[in-house]
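Each chain is listed here by its residues.
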Amino acid sequence: QFQLVESGGGLVQPGGSLRLSCAASGLTLGSYAIGWFRQAPGKEREGVSFISSLSDATNHADSVKGRFTISRDNAKNSVYLQMNSLKPEDTAVYYCAARRWRGSSWFVPSTYDYWGQGTQVTVSS
């Protein structure tokens, strides 16, 4: 099974907020480190936010520090990305990914084992 499903994307004006959700089935997210990635047209996939499996320590890309917050709810087997003060350059398809590896390479896509289908976030007036 091992399915991750993102939701919560949509169209928002600059300065607005969105909360993305990643719901898991077939795996227990509490045992996995979770990364949020995004990819805009013509650009490579980039890491956005990370939360560890052991301590729930988090890490964010410089481009979103102070604006994005990642969290998990193990009872719901879900992970969330709260995005505030959104900018047009945040426009992208956002992906949730899970891995068992506990290394420090948080934003390397190839280190993640499972991926969701992605959800579109568009920031525009």
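Scroll up a little and you will see the structure.
Residues numbered from 1 in each chain as written. Predicted model: local features only at pLDDT ≥ 70, side-chain atom pairs only at ≥ 80, totals over all residues. Heavy atoms only, no water.

## Structural notes on the sheet that holds strand S1 (residues 3–7)
Our working definition: Two strands qualify as a pair provided that DSSP identifies no fewer than 2 bridges between them. Runs of H or I in DSSP of at least four residues are treated as helices and runs of E of at least two as strands, each being numbered from the N terminus. Comment: axis = line fitted to C-alpha atoms, over the contacting stretch for helices; angle = value between 0 and 180 degrees taken between N-to-C directions.
Spatial ordering of the open sheet is given by S1-S3-S8-S7, a layout of four strands whose pairing is antiparallel. Because the sheet does not close on itself, it has two edges, and the strands there are S1 and strand S7 (68–73). For this sheet, the mean angle separating the axes of adjacent strands, direction not counted, is 15 degrees. Here S1 runs beside strand S3 (residues 18–25); their pairing, made up of five bridges, is antiparallel. Bridge pairing links Ser7 to Ser21 in S3.

## Side note on the side chain of His60
Selection criterion: The rule is simple: take the accessible area with a 1.4 Å probe, protein chains only, and divide by the maximum for that residue type; under 20% is buried, over 50% is exposed, in between is partly exposed. Any pair of N or O atoms that falls within 3.5 Å is considered a polar contact. Within protein, one atom must be able to donate a hydrogen and the other to accept it, and sequence-neighbouring residues count only if both atoms are side-chain atoms. When checking whether two residues touch, look at their non-hydrogen atoms; a contact exists if any pair is within 4.5 Å.
Inspection of the secondary structure puts His60 in strand S6 (residues 58–60). By relative accessible area, which is 15% here, His60 ends up buried. Among the polar contacts listed, one links the side chain of His60 to the side chain of Ser49, at a separation of 2.7 Å. Those residues within four positions of His60 in sequence are excluded, and the remaining contacts are Val48, Ser49, Lys65, Phe68, Thr69, Ile70 and Phe107.

## Some remarks on the nonpolar core
Put simply, the test is: By nonpolar core we mean a set of buried residues, namely Ala, Val, Leu, Ile, Met, Phe, Trp, Tyr and Cys, connected to one another through side-chain atoms within 4.5 Å.
Formed by 28 residues in total, the largest nonpolar core has its most connected members in Trp36, Leu81, Met83 and Tyr94. For this core, the secondary-structure elements that each account for two or more residues are S3, strand S4 (33–39), strand S5 (46–51), S7, strand S8 (78–83), strand S9 (92–99) and strand S11 (119–123). Not counting residues within four places of it along the chain, the set of residues in contact with Leu81 comprises Leu18, Arg19, Leu20, Trp36, Val48, Ser49, Phe68, Thr69, Ile70 and Tyr94.

## A few points about the environment of Ser110
Following the sequence through the fold, Ser110 ends up in the loop between S9 and strand S10 (114–115). Using a relative accessible area of 66% as the deciding quantity, one classes Ser110 as exposed.

## Describing the state of the cysteines
Covalently bonding the sulfur atom of one cysteine to the sulfur atom of another cysteine gives a disulfide. The condition is simple: When the sulfur atoms of two cysteines come within 2.5 Å, that pair is taken as a disulfide.
Taken as a whole and judged by the stated rule, the model has one disulfide. Across the disulfide from Cys22 sits Cys96; the S-S distance is 2.1 Å. Torsion about the S-S bond of the Cys22 and Cys96 cystine: about -80 degrees, corresponding to left-handed handedness. Taken together, the residues span a long stretch of sequence, with Cys22 in strand S3 and Cys96 in strand S9 at a distance of 74 residues. For Cys96, a relative accessible area of 0% puts it in the buried group.

## Re unusual backbone geometry
Notably, Asp56 is not glycine yet its phi reads approximately 60 degrees, a positive angle. Here Asp56 is to be found in the loop between S5 and S6. With a phi angle near 50 degrees, Ser85 is a residue other than glycine that sits in the positive phi range. Mapped onto the elements, Ser85 comes out in the loop between S8 and S9.

## Some remarks on the pattern of salt bridges
This is how it is decided: The salt bridge definition used is simple: a Lys or Arg side-chain nitrogen within 4 Å of an Asp or Glu carboxyl oxygen.
Counted according to the given criterion, the structure contains five salt bridges. Residue Arg38 is joined to Asp90 by a salt bridge in which the shortest nitrogen-to-oxygen separation is 2.9 Å. In this pair, Arg38 sits in strand S4 while Asp90 sits in the loop between S8 and S9, placing the two residues 52 residues apart along the sequence. No difference in accessibility class separates Arg38 from Asp90, as the two residues are buried. Salt bridges linked by common partners bring Arg38, Glu46, Arg67 and Asp90 together as one network.

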